[in-house]
Structures are given as structure tokens and as C-alpha cells.
Amino acid sequence: MTSRLNRLAVAVLATTLATLGVTVANPSPASAAMTICYNTSQAGGYAGTANQAASIWNNATVNLTLSANCGSNLRIYQITGGGSYAIRTSLGNGRVYIDTQQAAQYSPLRIMTHEIGHILGLPDNYNGNCSLLMSGGSAGTGCTNPYPSSAEANRVSNLFAGTFSATDRSADIFRDSWPSALTTVG
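Residues numbered from 1 in each chain as written. Predicted model: local features only at pLDDT ≥ 70, side-chain atom pairs only at ≥ 80, totals over all residues. Heavy atoms only, no water.

**Q** Mind showing me how you'd approach the environment of I76 here?
**A** Topologically, I76 is positioned in strand β3 (residues 74-79). Relative accessible area serves as the criterion here: at 1%, I76 is assigned to the buried category. Those residues in contact with I76 that lie beyond four places of it in its chain are Y38, N39, T40, Q42, A43, A50, V96, M112 and I116. (Helix = DSSP H or I, 4+ residues; strand = E, 2+ residues; numbered from the N terminus. Buried < 20%, exposed > 50% of the residue type's maximum accessible area, 1.4 Å probe, protein only. Contact = heavy atoms within 4.5 Å.)

Put into C-alpha cells, the structure is as follows:
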């Protein structure tokens with residue numbers, strides 16, 4: 001009974017501090033992972049790629065589990081033209097759009113894992129480093145690395161543990177991380 005009251009007191013304190021803008025660690029045990037249900041009904045030929053990307057994130061992080069077709073926190077769509085992008089409505093929620101034209105040039109698995117990374121709270125960085133998943137298309141068409149770096153994976157784990165404040169706005173659109181083949185240098 002005492003441990004239950006202590007957990008309740010810690011949870012109330014954490015909620016109060018969070019309301020005041022103070023970031024604290026999540027008092028929940030490490031085994032209490034958040035489940036993000038993703039839906040691939042509109043992913044077309046990229047449903048399997050979405051499953052592979054979810055597996056990569058599940059193996060790289062703690063405090064969250066991506067699970068297929070158990071709900072719709074994350075919806076994945078196949079589109080043609082316009083570029084691949086993600087729209088995060090809140091941490092762990094949103095939509096990912098995979099452009100078939102870009103997936104014909106770049107690694108579809110890298111694109112999918114990268115775009116899901118946005119839903120999980122990661123921003124783009126355009127440094128061209130293939131070892132960083134969130135460098136996106138700036139690493140070039142030859143980069144096929146679909147794995148987040150340890151720093152990227154730790155950031156996601158910490159966001160879902162409540163260790164870091166999600167300073168990102170509640171709704172973000174992430175576009176243009178995958179340069180179009182139609183772009184010409186003049």
C-alpha cells in the first residue's frame with residue numbers, strides 16, 4: 001500500500017511540475033512502454049517496409065513499442081509525387097506519406113524509418129552524414145542506412161520516458177528531407 005501511495009504522490013508531483021514547465025523523469029517503471037499503433041491499410045506496397053521500420057525502432061529504443069494495425073496513432077500512406085513527408089500531430093501521433101517516385105531513387109526503408117522518426121519526436125538535420133538517420137536525403141541516394149544512431153535512439157527513448165521535454169510544437173510538418181530527382185543544378 002505504501003509503494004502505491006508513493007507512486008501516486010510522485011505522479012501528482014510530476015504532473016504539477018510539468019504543468020509549471022519543469023521536466024521530470026517519468027515515474028513509471030521502465031517496463032511500462034507506450035504502444036504506438038500504426039495502420040498500414042493505405043500504405044500499398046510499403047506495408048512490409050513499415051513493419052521493418054517499426055521493428056528497427058522497437059529494437060533501438062525503450063519506453064515505446066510500435067505495433068501494427070492495432071489502432072491509428074500513426075497512419076502510413078503511399079503517394080505518387082510531391083515527396084515523402086511526415087505530419088506529427090503530437091508525440092507518437094500523425095501521418096507518414098511515402099512517395100513512390102522518391103522510393104524508386106532512395107532506400108524505401110531509410111525513408112520510412114526516417115519519417116517515423118519525425119512522429120517519434122526527431123527533427124531533420126541536413127548534414128549529409130549517412131550514419132545519422134535524420135540527415136534524410138542529404139546523405140545522397142547511395143545511403144541506405146535505415147538505423148537511428150545511438151544518440152537519435154536515446155533521444156526518442158528519453159522523450160517517451162518523459163526525461164526530455166518535447167519542445168517541438170504539437171503539430172509539425174516535415175517536408176523536403178528527400179530531394180527530388182527533378183531538381184536540377186544550374
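**Q** Teacher, can you tell me more about the packing of helix α2 (residues 47-60) against helix α4 (residues 108-119) here?
**A** Pairs of packed helices are described in terms of their axes, by the angle between the two and the distance that separates them. Contact geometry for α2 and α4: axes closest at 9 Å, N-to-C directions at 55°. The pairing of α2 with α4 is recorded here as oblique in orientation. Crossing hand, α2 versus α4: right-handed. Mapping the contact onto sequence places T49, A50, Q52, A53, I56 and W57 in α2 and P108, L109, M112, T113, I116 and G117 in α4. Grouping the constituent residues of the contact of α2 with α4 by class yields 8 nonpolar, 4 polar and no charged. (Axes fitted to C-alpha atoms, helices over the stretch in contact; angles between N-to-C directions. Parallel < 35°, antiparallel > 145°, perpendicular 65-115°, else oblique. Left-handed = near helix turned anticlockwise from the far one by under 90°. Nonpolar A, V, L, I, M, F, W, Y, C, P; charged D, E, K, R; others polar.)

**Q** Can you help me understand the state of the cysteines in this one?
**A** Any covalent bond linking the sulfur atoms of two cysteines counts as a disulfide. Throughout the structure, instances matching the rule amount to 2 disulfides. Put simply, C37 and C70 are joined by a disulfide, and their sulfur atoms are 2.0 Å apart. Here the disulfide of C37 and C70 is left-handed, its torsion about the S-S bond being about -105°. Of this pair, C37 sits in strand β1 (residues 34-42) while C70 sits in the loop between β2 (64-68) and β3, and the two are 33 residues apart along the sequence. When its relative accessible area of 11% is taken as the criterion, C37 is described as buried. One disulfide in the model links C130 with C143; its S-S distance is 2.0 Å. The chirality of the disulfide connecting C130 with C143 is right-handed, given an S-S dihedral of about 85°. Remark: C143 occurs in the loop between α4 and α5 (150-161) and C130 occurs in the loop between α4 and α5; sequence separation between them is 13 residues. Under the relative-accessibility criterion, C130 is labelled partly exposed at 28%. For the chain, the disulfide bridges join cysteines in the arrangement 1-2, 3-4, where the cysteines are counted in sequence order. (Disulfide = S-S within 2.5 Å.)

**Q** Just checking my understanding: could you explain unusual backbone geometry for this structure?
**A** The general pattern is negative phi for most residues beyond glycine and trans for most peptide bonds. Look at N63: it is not a glycine, yet its phi comes out positive at around 80°. By the element assignment, N63 lies in the loop between α2 and β2. Under the relative-accessibility criterion, N63 is labelled buried at 15%. At N69, a position not held by glycine, the phi torsion is positive, near 50°. Mapping N69 onto the fold places it in the loop between β2 and β3. The partly exposed category is assigned to N69, whose relative accessible area is 48%.

Purely geometric stuff here, so don't read any function into it on its own.
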